[in-house]
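Listed below, chain by chain, are the residues.
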Amino acid sequence: MNDTYRNIAVVVEIENSIKYLRNGLAEIQKVSAANDFYDPTLIYLSGGLERLFKSMLCLNFKQIHGRLPNPKEIWNYKQGHDIEFLKSEVEKICIEIDRPFAANDYHFITRNPLINQICKTLSEYGIRARYFNIDAILGNEQEFDSKKEWERIESIVIKQHYGEKEFHEILGEPTRLDKLYLTSSKLLVFQLEQFFRAITRQFIFGNFSE
């Protein structure tokens, strides 16, 4: 395969990752008391981050070696859907950006506990939880339930926002459940948008900006 086609493929993959992530943010906002279908959120976010991280690693490899990588030079088959592994590799190539608007980017990329928890959930989903119910049908033991894990993340951000007492008060009133979902959606989207902005600024100011 010629280098021109490979370079074009990088651009296409980055564009696709952006579309996946945008759709993931949109799907988060569709979740409600009446709609607890989390698979689109997990599919889009895990697919988008996998593509974005891999593109970053490929561009950094090219920056260092003057060429795009060949198979297994950055990740192996088992690591291909491992968002946690890919993120850890991306963290190694990210740098602190000396700009006021990006002062907290590096810390947000590497040390934000909510983002790390989301990436862990997306990683488990990509590796082994996409076919949770199929595994159950076939009798294969599957301990990780991505839907329950995402609901746990929602609870974390809601409790931090309202406090434990008010959270349980709202939870006890079915007519106010939509308020919880709306608030958690806004909080999660806000955090993820910050993370995506921090990551994408590395394309402009980072180790592979050329």
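In case you missed it, the structure is sitting above this.
In this report, the structure presented in the accompanying data block is examined. (Residues numbered from 1 in each chain as written. Predicted model: local features only at pLDDT ≥ 70, side-chain atom pairs only at ≥ 80, totals over all residues. Heavy atoms only, no water.)

Some words on helix H7 (residues 146-162)
For an α-helix the count is 3.6 residues per turn, leaving residues at separations of three or four pointing the same way.
Next up, step 1: Given a rise of 1.5 Å per residue, 17 residues ought to cover 24 Å, and the 24 Å separating the end C-alpha atoms of H7 matches this to within 8%.
Next up, step 2: Buried within H7 we find Ser146, Glu149, Trp150, Ile153, Glu154, Val157, Ile158 and Tyr162. (Helix = DSSP H or I, 4+ residues; strand = E, 2+ residues; numbered from the N terminus. Expected span 1.5 Å × (residues − 1). Buried < 20%, exposed > 50% of the residue type's maximum accessible area, 1.4 Å probe, protein only.)

With respect to the pattern of salt bridges
Next up, step 1: All told, the structure shown has twelve salt bridges when counted by the stated rule.
Next up, step 2: Residue Glu13 is joined to Arg51 by a salt bridge in which the shortest nitrogen-to-oxygen separation is 3.4 Å. A residue pair is termed long-range when its members are at least 10 positions apart, and Glu13 in helix H1 (residues 3-28) and Arg51 in helix H2 (residues 39-65) qualify at 38 residues.
Next up, step 3: Classification of Glu13 as partly exposed rests on a relative accessible area of 27%.
Next up, step 4: Put simply, Asp36, Lys147 and Glu151 are held in one network by salt bridges that share partners. (Salt bridge = Lys/Arg side-chain N within 4 Å of Asp/Glu carboxyl O.)

Observations concerning the packing of aromatic side chains
Next up, step 1: Evaluation of the coordinates by the stated rule reveals three aromatic pairs.
Next up, step 2: Taken together, a centroid distance of 6.1 Å and an interplanar angle of 50° make the contact between Phe195 and Phe196 tilted.
Next up, step 3: Using a relative accessible area of 10% as the deciding quantity, one classes Phe196 as buried.
Next up, step 4: In this structure, Arg51 packs its charged tip against the face of Tyr20, placed 4.4 Å from the ring centre. (Phe/Tyr/Trp six-rings, centres within 6.5 Å; stacked < 30°, edge-to-face > 60°. Lys NZ or Arg CZ within 6 Å of the ring centre and 35° of its normal.)

Topic: the side chain of Thr121
Next up, step 1: Here Thr121 lies in helix H5 (residues 113-129).
Next up, step 2: In this structure Thr121 touches Leu42, Phe144, Ser146, Glu149, Trp150 and Ile153, once residues within four positions along its chain are discounted. (Contact = heavy atoms within 4.5 Å.)

So, the environment of Asn116
Next up, step 1: Relative to the assigned elements, Asn116 resides in helix H5.
Next up, step 2: Classification of Asn116 by relative accessible area gives partly exposed; the value is 29%.
Next up, step 3: Separated by 33 residues in sequence, Asn116 and Ile83 have C-alpha atoms that sit 10.0 Å apart.
Next up, step 4: Not counting the four nearest positions on each side in its chain, Asn116 is found in contact with Lys87, Glu91, Thr110 and Arg111.

Some details on a nonpolar patch on the surface
Next up, step 1: A surface patch of nonpolar side chains, about 340 Å² in accessible area, is lined by Ile134, Ile137 and Leu138.
Next up, step 2: Among the residues examined, Ile134 registers a relative accessible area of 45% and is labelled partly exposed. (Patch = residues over 30% accessible without salt bridge, like charges linked within 9 Å, V, L, I, M, F, W, Y side chains within 5 Å. Areas by Shrake-Rupley, 256 points an atom, 1.4 Å probe, with all protein chains shown as cover.)

Digging into the layout of surface pockets
Next up, step 1: Considered as a void within the structure, the largest pocket measures approximately 440 Å³ in volume.
Next up, step 2: If you go around the largest pocket, you meet 19 residues; those closest to its centre are Arg6, Lys54, Cys58, Pro69 and Trp75.
Next up, step 3: When residues of the lining of the largest pocket are traced back to their parent elements, those giving at least two are H1 and H2.
Next up, step 4: A per-class count over the lining of the largest pocket returns ten nonpolar, two polar and seven charged. (1 Å grid on protein atoms, 1.4 Å probe; cavity = no way out; pocket = protein on both sides within 12 Å on 5 of 7 lines; lining within 4 Å. Points joined across faces, edges and corners; volume = space filled by probe spheres on them. Nonpolar A, V, L, I, M, F, W, Y, C, P; charged D, E, K, R; others polar.)

Let's talk about the nonpolar core
Next up, step 1: Formed by 45 residues in total, the largest nonpolar core has its most connected members in Leu49, Phe53, Met56, Trp150 and Phe195.
Next up, step 2: Put simply, the parts of the chain that give this core at least two residues each are H1, H2, helix H3 (83-93), helix H4 (105-111), H5, H7 and helix H9 (177-205).
Next up, step 3: If sequence neighbours within four positions are ignored, Phe53 has contacts with Ile83, Leu86, Lys87, Val90, Phe195 and Ile199.
Next up, step 4: In this structure, Ile158, Tyr162, Phe167 and Ile170 belong to the second largest nonpolar core, which totals five residues. (Core = buried A, V, L, I, M, F, W, Y, C linked by side-chain atoms within 4.5 Å.)

So far we have only geometry, and geometry alone does not tell us how the molecule works.
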